[in-house]
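Structural overview for review
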Amino acid sequence: GHGRLPGWSTSARWRGLPKTTSARSSASLLAPARSFRPFSPMPMIDSHSDIPTTLILGGTTEASRLAQAMAEAGWPALLSYAGRVATPRAQPVPVRVGGFGGAEGLATFLRDKRIGQVIDATHPFAAQISRNAVRACTMADVPLCAFERAAWTAGPQDDWTHVPDITGAVAALDGPGKRVFLAIGRQHLASFSHLAQHRFLVRLVDAPAPEFPLPDAQIVVARGPFRLEDDLDLMRAHGTELLVTKNAGGTGAEAKILAARTLGIPVVMIDRP
Ligand code: NAP
(Lines give C-alpha, C1' and ligand atoms only; values in the text may rest on other atoms or scores of the structure.)
Protein backbone atom coordinates (compact mmCIF):
# COMPACT_ATOMS: atom_id res chain seq x y z
CA GLY A 1 0.00 0.00 0.00
CA HIS A 2 0.92 3.65 -0.01
CA GLY A 3 2.86 5.20 2.81
CA ARG A 4 1.76 8.58 3.99
CA LEU A 5 3.10 11.49 2.06
CA PRO A 6 5.69 13.64 3.78
CA GLY A 7 4.01 16.49 5.57
CA TRP A 8 0.77 14.61 5.97
CA SER A 9 -0.57 15.15 9.45
CA THR A 10 -2.61 12.61 11.27
CA SER A 11 -5.99 13.87 12.33
CA ALA A 12 -8.49 12.33 14.68
CA ARG A 13 -10.80 11.76 11.74
CA TRP A 14 -8.04 10.04 9.79
CA ARG A 15 -7.56 7.62 12.67
CA GLY A 16 -11.28 7.14 12.90
CA LEU A 17 -12.04 6.37 9.26
CA PRO A 18 -14.51 3.55 8.85
CA LYS A 19 -13.19 0.37 7.29
CA THR A 20 -14.99 -0.44 4.11
CA THR A 21 -13.35 -3.85 3.69
CA SER A 22 -13.41 -6.32 6.54
CA ALA A 23 -10.37 -8.40 7.44
CA ARG A 24 -12.48 -11.50 6.95
CA SER A 25 -13.40 -10.64 3.36
CA SER A 26 -9.80 -9.62 2.57
CA ALA A 27 -8.59 -12.94 3.94
CA SER A 28 -10.97 -14.86 1.73
CA LEU A 29 -9.76 -12.90 -1.30
CA LEU A 30 -6.16 -13.70 -0.48
CA ALA A 31 -6.79 -17.39 0.19
CA PRO A 32 -6.33 -18.66 -3.40
CA ALA A 33 -3.01 -16.86 -3.75
CA ARG A 34 -1.81 -18.39 -0.49
CA SER A 35 -2.34 -21.88 -1.77
CA PHE A 36 0.11 -21.21 -4.65
CA ARG A 37 2.76 -19.47 -2.57
CA PRO A 38 2.48 -20.95 0.88
CA PHE A 39 5.78 -19.60 2.20
CA SER A 40 5.80 -16.11 0.78
CA PRO A 41 4.39 -13.68 3.31
CA MET A 42 1.38 -11.85 1.94
CA PRO A 43 1.54 -8.05 2.28
CA MET A 44 -0.59 -7.06 5.19
CA ILE A 45 -2.85 -4.15 4.46
CA ASP A 46 -2.68 -1.58 7.21
CA SER A 47 -6.15 -0.32 8.06
CA HIS A 48 -5.61 3.21 6.66
CA SER A 49 -2.37 3.46 4.74
CA ASP A 50 -3.94 1.57 1.83
CA ILE A 51 -6.09 4.57 0.90
CA PRO A 52 -4.61 5.66 -2.40
CA THR A 53 -3.57 9.25 -2.93
CA THR A 54 -5.78 11.51 -4.99
CA LEU A 55 -3.98 13.87 -7.33
CA ILE A 56 -5.81 17.20 -7.56
CA LEU A 57 -4.87 19.26 -10.60
CA GLY A 58 -5.32 22.72 -9.21
CA GLY A 59 -4.79 26.41 -9.67
CA THR A 60 -8.36 27.33 -8.77
CA THR A 61 -10.34 28.29 -5.67
CA GLU A 62 -12.30 25.06 -6.01
CA ALA A 63 -9.12 22.95 -6.03
CA SER A 64 -8.02 24.64 -2.80
CA ARG A 65 -11.42 24.03 -1.24
CA LEU A 66 -11.29 20.42 -2.34
CA ALA A 67 -7.82 20.02 -0.81
CA GLN A 68 -9.16 21.52 2.42
CA ALA A 69 -12.14 19.16 2.44
CA MET A 70 -9.96 16.13 1.77
CA ALA A 71 -7.55 17.12 4.55
CA GLU A 72 -10.47 17.48 6.95
CA ALA A 73 -11.85 14.10 5.91
CA GLY A 74 -8.43 12.48 6.33
CA TRP A 75 -8.04 11.36 2.71
CA PRO A 76 -4.55 11.57 1.27
CA ALA A 77 -4.30 14.12 -1.51
CA LEU A 78 -1.55 15.77 -3.50
CA LEU A 79 -2.24 19.16 -5.04
CA SER A 80 -0.52 20.06 -8.29
CA TYR A 81 0.19 23.61 -9.51
CA ALA A 82 1.52 24.60 -12.90
CA GLY A 83 3.76 27.17 -11.18
CA ARG A 84 2.31 30.32 -12.75
CA VAL A 85 1.92 32.14 -9.42
CA ALA A 86 5.01 33.20 -7.46
CA THR A 87 3.50 32.64 -4.02
CA PRO A 88 0.74 30.04 -4.10
CA ARG A 89 -1.65 29.78 -1.18
CA ALA A 90 -0.55 27.63 1.76
CA GLN A 91 -2.36 24.29 1.57
CA PRO A 92 -3.29 21.66 4.13
CA VAL A 93 -2.11 18.85 1.81
CA PRO A 94 1.25 18.23 0.13
CA VAL A 95 1.85 20.32 -2.99
CA ARG A 96 3.98 19.74 -6.10
CA VAL A 97 4.71 22.48 -8.63
CA GLY A 98 5.48 22.47 -12.37
CA GLY A 99 4.47 20.69 -15.55
CA PHE A 100 4.62 16.91 -15.82
CA GLY A 101 6.00 16.83 -19.38
CA GLY A 102 2.81 16.31 -21.38
CA ALA A 103 0.35 13.45 -21.13
CA GLU A 104 3.15 10.86 -21.17
CA GLY A 105 4.92 12.60 -18.30
CA LEU A 106 1.71 12.76 -16.30
CA ALA A 107 1.02 9.06 -16.96
CA THR A 108 4.50 8.19 -15.69
CA PHE A 109 3.94 10.37 -12.62
CA LEU A 110 0.65 8.61 -11.87
CA ARG A 111 2.30 5.21 -12.06
CA ASP A 112 5.45 6.20 -10.12
CA LYS A 113 3.52 7.84 -7.30
CA ARG A 114 0.87 5.12 -7.35
CA ILE A 115 -1.90 7.71 -7.63
CA GLY A 116 -5.31 6.15 -7.07
CA GLN A 117 -7.43 8.75 -8.82
CA VAL A 118 -7.16 12.18 -10.39
CA ILE A 119 -9.47 15.14 -9.97
CA ASP A 120 -9.06 17.75 -12.67
CA ALA A 121 -10.07 20.93 -10.86
CA THR A 122 -8.19 23.25 -13.19
CA HIS A 123 -9.52 26.49 -14.63
CA PRO A 124 -12.00 26.09 -17.50
CA PHE A 125 -9.52 27.90 -19.79
CA ALA A 126 -6.67 25.53 -18.90
CA ALA A 127 -7.58 23.23 -21.77
CA GLN A 128 -4.22 21.60 -22.39
CA ILE A 129 -3.79 20.10 -18.93
CA SER A 130 -7.37 18.81 -19.04
CA ARG A 131 -6.70 17.07 -22.37
CA ASN A 132 -3.44 15.69 -20.95
CA ALA A 133 -5.28 14.37 -17.90
CA VAL A 134 -7.72 12.43 -20.06
CA ARG A 135 -4.90 10.85 -22.07
CA ALA A 136 -2.64 10.19 -19.08
CA CYS A 137 -5.38 8.59 -16.99
CA THR A 138 -6.29 6.37 -19.93
CA MET A 139 -2.65 5.34 -20.36
CA ALA A 140 -2.10 4.70 -16.65
CA ASP A 141 -5.56 3.22 -16.13
CA VAL A 142 -6.38 5.64 -13.34
CA PRO A 143 -9.92 7.00 -12.81
CA LEU A 144 -10.38 10.67 -13.63
CA CYS A 145 -13.03 13.06 -12.41
CA ALA A 146 -13.22 16.45 -14.11
CA PHE A 147 -14.74 19.20 -12.04
CA GLU A 148 -16.25 21.89 -14.24
CA ARG A 149 -17.80 25.11 -13.00
CA ALA A 150 -20.97 26.24 -14.68
CA ALA A 151 -20.35 29.11 -17.09
CA TRP A 152 -21.76 32.57 -16.35
CA THR A 153 -24.86 33.46 -18.31
CA ALA A 154 -26.10 36.90 -19.28
CA GLY A 155 -29.22 38.25 -17.59
CA PRO A 156 -31.73 40.59 -19.22
CA GLN A 157 -29.83 43.68 -17.94
CA ASP A 158 -26.51 42.53 -19.37
CA ASP A 159 -24.90 43.77 -22.58
CA TRP A 160 -22.48 41.02 -23.57
CA THR A 161 -20.59 40.60 -26.81
CA HIS A 162 -19.43 36.99 -27.11
CA VAL A 163 -16.05 36.28 -28.70
CA PRO A 164 -14.56 32.81 -29.16
CA ASP A 165 -11.02 33.48 -27.94
CA ILE A 166 -8.33 36.07 -27.15
CA THR A 167 -7.98 36.97 -30.85
CA GLY A 168 -11.69 37.75 -30.90
CA ALA A 169 -11.33 39.95 -27.83
CA VAL A 170 -8.45 41.86 -29.44
CA ALA A 171 -10.59 42.41 -32.56
CA ALA A 172 -13.50 43.63 -30.41
CA LEU A 173 -11.25 46.39 -29.00
CA ASP A 174 -10.25 47.69 -32.41
CA GLY A 175 -12.16 50.97 -32.03
CA PRO A 176 -12.03 54.35 -30.31
CA GLY A 177 -10.17 54.62 -27.00
CA LYS A 178 -12.02 53.54 -23.87
CA ARG A 179 -11.33 52.80 -20.25
CA VAL A 180 -11.15 49.01 -20.36
CA PHE A 181 -10.97 46.59 -17.43
CA LEU A 182 -8.94 43.79 -19.02
CA ALA A 183 -9.76 40.99 -16.59
CA ILE A 184 -8.11 38.07 -18.40
CA GLY A 185 -5.22 37.22 -16.09
CA ARG A 186 -1.59 37.72 -17.06
CA GLN A 187 -0.90 35.18 -19.81
CA HIS A 188 -2.31 36.89 -22.90
CA LEU A 189 -1.84 40.58 -22.12
CA ALA A 190 0.83 41.01 -24.82
CA SER A 191 -1.86 40.45 -27.49
CA PHE A 192 -3.40 43.80 -26.44
CA SER A 193 -0.19 45.85 -26.34
CA HIS A 194 -0.74 47.52 -29.76
CA LEU A 195 -4.14 48.91 -28.64
CA ALA A 196 -2.58 52.08 -27.24
CA GLN A 197 -5.81 54.08 -27.57
CA HIS A 198 -7.29 52.37 -24.47
CA ARG A 199 -6.67 53.05 -20.80
CA PHE A 200 -6.43 49.53 -19.41
CA LEU A 201 -7.07 48.37 -15.87
CA VAL A 202 -5.38 45.02 -15.17
CA ARG A 203 -5.64 42.88 -12.03
CA LEU A 204 -2.78 40.50 -11.27
CA VAL A 205 -2.00 37.96 -8.55
CA ASP A 206 1.72 38.85 -8.60
CA ALA A 207 3.35 42.25 -9.04
CA PRO A 208 4.17 42.82 -12.73
CA ALA A 209 7.61 41.89 -14.05
CA PRO A 210 9.75 44.70 -15.59
CA GLU A 211 8.91 43.49 -19.12
CA PHE A 212 5.17 43.89 -18.49
CA PRO A 213 3.54 44.26 -21.93
CA LEU A 214 1.08 47.06 -21.04
CA PRO A 215 3.34 49.67 -19.42
CA ASP A 216 0.63 52.36 -19.29
CA ALA A 217 -2.00 50.15 -17.68
CA GLN A 218 -3.37 50.81 -14.23
CA ILE A 219 -2.40 47.72 -12.25
CA VAL A 220 -4.03 46.24 -9.19
CA VAL A 221 -2.29 43.37 -7.43
CA ALA A 222 -4.91 41.29 -5.64
CA ARG A 223 -5.96 37.71 -5.20
CA GLY A 224 -9.57 36.52 -5.32
CA PRO A 225 -12.18 35.76 -4.26
CA PHE A 226 -13.37 39.31 -4.93
CA ARG A 227 -16.35 41.12 -3.43
CA LEU A 228 -18.97 43.10 -5.31
CA GLU A 229 -18.48 46.27 -3.21
CA ASP A 230 -14.73 46.22 -3.92
CA ASP A 231 -15.15 45.66 -7.65
CA LEU A 232 -17.75 48.43 -7.81
CA ASP A 233 -15.26 50.78 -6.11
CA LEU A 234 -12.44 49.63 -8.38
CA MET A 235 -14.42 50.08 -11.60
CA ARG A 236 -15.86 53.43 -10.52
CA ALA A 237 -12.38 54.70 -9.59
CA HIS A 238 -11.00 53.61 -12.97
CA GLY A 239 -14.05 54.93 -14.80
CA THR A 240 -14.43 51.56 -16.54
CA GLU A 241 -16.46 51.76 -19.77
CA LEU A 242 -15.89 48.20 -20.97
CA LEU A 243 -15.09 44.90 -19.24
CA VAL A 244 -13.20 42.15 -21.06
CA THR A 245 -13.27 38.79 -19.30
CA LYS A 246 -13.03 35.06 -19.83
CA ASN A 247 -16.15 33.10 -19.00
CA ALA A 248 -14.51 31.49 -16.00
CA GLY A 249 -17.75 30.83 -14.13
CA GLY A 250 -17.84 30.22 -10.38
CA THR A 251 -18.20 32.74 -7.60
CA GLY A 252 -14.59 33.75 -6.88
CA ALA A 253 -14.30 36.10 -9.88
CA GLU A 254 -17.99 36.81 -10.47
CA ALA A 255 -18.00 40.17 -8.66
CA LYS A 256 -16.76 42.06 -11.74
CA ILE A 257 -19.66 40.65 -13.81
CA LEU A 258 -22.13 41.73 -11.15
CA ALA A 259 -20.43 45.12 -10.92
CA ALA A 260 -20.66 45.59 -14.71
CA ARG A 261 -24.35 44.69 -14.49
CA THR A 262 -24.90 47.17 -11.65
CA LEU A 263 -23.04 49.97 -13.44
CA GLY A 264 -24.51 49.22 -16.89
CA ILE A 265 -21.07 48.50 -18.37
CA PRO A 266 -20.91 46.36 -21.54
CA VAL A 267 -18.86 43.16 -21.44
CA VAL A 268 -16.72 41.42 -24.04
CA MET A 269 -17.15 37.81 -22.93
CA ILE A 270 -14.50 35.32 -24.08
CA ASP A 271 -16.27 31.99 -24.40
CA ARG A 272 -14.69 28.78 -23.16
CA PRO A 273 -12.22 26.82 -25.26
P1 NAP B 1 -2.82 24.84 -19.84
O2 NAP B 1 -2.60 25.73 -21.02
O3 NAP B 1 -3.98 23.91 -19.87
O4 NAP B 1 -1.54 23.94 -19.56
C5 NAP B 1 -0.25 24.22 -20.11
C6 NAP B 1 0.74 23.32 -19.41
O7 NAP B 1 0.94 23.74 -18.07
C8 NAP B 1 0.27 21.88 -19.29
O9 NAP B 1 0.50 21.17 -20.48
C10 NAP B 1 1.10 21.41 -18.12
O11 NAP B 1 2.45 21.21 -18.50
C12 NAP B 1 1.11 22.61 -17.22
N13 NAP B 1 0.03 22.61 -16.23
C14 NAP B 1 -1.18 23.23 -16.29
N15 NAP B 1 -1.88 23.07 -15.17
C16 NAP B 1 -1.11 22.30 -14.36
C17 NAP B 1 -1.27 21.81 -13.05
N18 NAP B 1 -2.38 22.06 -12.31
N19 NAP B 1 -0.27 21.05 -12.53
C20 NAP B 1 0.86 20.81 -13.25
N21 NAP B 1 1.07 21.26 -14.49
C22 NAP B 1 0.10 22.00 -15.04
O23 NAP B 1 -2.90 25.69 -18.50
P24 NAP B 1 -2.91 27.28 -18.29
O25 NAP B 1 -4.09 27.87 -18.95
O26 NAP B 1 -1.54 27.79 -18.60
O27 NAP B 1 -3.14 27.33 -16.72
C28 NAP B 1 -2.10 26.99 -15.84
C29 NAP B 1 -2.64 26.84 -14.43
O30 NAP B 1 -3.24 28.07 -14.02
C31 NAP B 1 -3.71 25.76 -14.30
O32 NAP B 1 -3.39 25.04 -13.14
C33 NAP B 1 -5.01 26.51 -14.14
O34 NAP B 1 -5.92 25.85 -13.30
C35 NAP B 1 -4.55 27.84 -13.56
N36 NAP B 1 -5.37 28.97 -14.02
C37 NAP B 1 -5.52 29.21 -15.35
C38 NAP B 1 -6.29 30.26 -15.77
C39 NAP B 1 -6.51 30.53 -17.22
O40 NAP B 1 -7.23 31.49 -17.54
N41 NAP B 1 -5.95 29.75 -18.13
C42 NAP B 1 -6.91 31.09 -14.81
C43 NAP B 1 -6.73 30.82 -13.46
C44 NAP B 1 -5.95 29.77 -13.07
P45 NAP B 1 3.00 19.76 -18.92
O46 NAP B 1 2.43 19.48 -20.26
O47 NAP B 1 4.47 19.93 -18.90
O48 NAP B 1 2.50 18.80 -17.87
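Here is a short report on the structure shown in this document.

How each quantity is defined
Residues numbered from 1 in each chain as written. Predicted model: local features only at pLDDT ≥ 70, side-chain atom pairs only at ≥ 80, totals over all residues. Heavy atoms only, no water. Near = heavy atom within 4 Å. Polar contact = N/O pair within 3.5 Å; in protein donor to acceptor, adjacent residues only side chain to side chain. Areas by Shrake-Rupley, 256 points an atom, 1.4 Å probe, with all protein chains shown as cover. Helix = DSSP H or I, 4+ residues; strand = E, 2+ residues; numbered from the N terminus. Nonpolar A, V, L, I, M, F, W, Y, C, P; charged D, E, K, R; others polar. Salt bridge = Lys/Arg side-chain N within 4 Å of Asp/Glu carboxyl O. Buried < 20%, exposed > 50% of the residue type's maximum accessible area, 1.4 Å probe, protein only. Contact = heavy atoms within 4.5 Å. Phe/Tyr/Trp six-rings, centres within 6.5 Å; stacked < 30°, edge-to-face > 60°. Core = buried A, V, L, I, M, F, W, Y, C linked by side-chain atoms within 4.5 Å. Pairing = 2+ DSSP bridges. Axes fitted to C-alpha atoms, helices over the stretch in contact; angles between N-to-C directions.

In the region of the ligand, 23 residues are neighbours, and Gly58, Ser80, Arg84, Phe100 and Lys246 sit closest. In the model, an oxygen atom of the ligand is placed 2.9 Å from a nitrogen or oxygen of the Gly101 main chain. His123 places a main-chain nitrogen or oxygen 2.9 Å from an oxygen atom of the ligand. Look at the ligand: alone it shows 800 Å² of surface, and the protein chains cover 79% of it. Those elements giving two or more residues to the shell around the ligand turn out to be β2 (77–81) and α5 (127–140). The residue inventory of the shell around the ligand, partitioned by class, reads seven nonpolar, 13 polar and three charged.

Following the criterion strictly, the structure yields seven salt bridges and no others. Notably, a salt bridge pairs Arg203 with Asp231, separated by 2.7 Å at the nearest N-O pair. With Arg203 in strand β8 (residues 199–204) and Asp231 in helix α7 (residues 228–238), the pair connects residues that are 28 residues apart, well separated along the chain. The pair Arg203 / Asp231 is uniform in exposure class, with both members buried.

What follows covers helix α8 (residues 255–263). Every buried residue of α8 is accounted for by Ala255, Lys256, Ile257, Ala259 and Ala260. The inward-facing, buried residues of α8 contact β6 (160–163), β7 (179–183), β8, α7, β10 (242–246) and β11 (267–270). Looking one or two residues beyond α8, the residue adopting positive phi is Gly264, at roughly 70 degrees.

The geometry of two aromatic rings is summed up by the distance between their centres and the angle between their planes. Following the criterion strictly, the structure yields two aromatic pairs and no others. Each ring, one from Phe100 and one from Phe109, has its centre 5.0 Å from the other, and the planes form 65 degrees; the classification is edge-to-face. Of the two residues, Phe100 and Phe109, both sit in the buried class. A ring pair is formed by Phe192 and Phe200, whose centres lie 6.4 Å apart and whose planes are at 80 degrees; its orientation type is edge-to-face. We note that Phe192, like Phe200, is buried.

Within the largest apolar cluster, 22 residues are counted, with the highest numbers of intra-cluster contacts made by Leu182, Phe192, Phe200, Val202, Leu214 and Val244. Those residues in contact with Phe192, other than ones at most four positions away along the chain, are Ile166, Ala169, Val170, Leu173, Leu182, Ile184, Phe200 and Leu214. Counting residues in each nonpolar core, the second largest holds 17 residues, with Phe181, Val220, Leu234 and Leu243 among its members.

Reading across the sheet, the six strands line up as β6-β11-β10-β7-β8-β9 and stay open at both edges, with parallel pairing between neighbours. Single-partner strands in this sheet number two, and they are β6 and β9 (218–221). Neighbouring strand axes in the sheet, compared pairwise and without regard to direction, differ in orientation by 20 degrees on average. Note that β10 and β11 share four bridges and pair parallel. Across the sheet, Lys246 pairs through a bridge with Ile270, a residue of β11. Against the sheet, α7 contacts β7, β8 and β9, and its axis sits at roughly 150 degrees relative to β8. Relative to the sheet, α8 contacts β6, β7, β8, β10 and β11, its axis offset from that of β10 by approximately 150 degrees.

In short, the description is geometric, and any link to function would need to be established separately.
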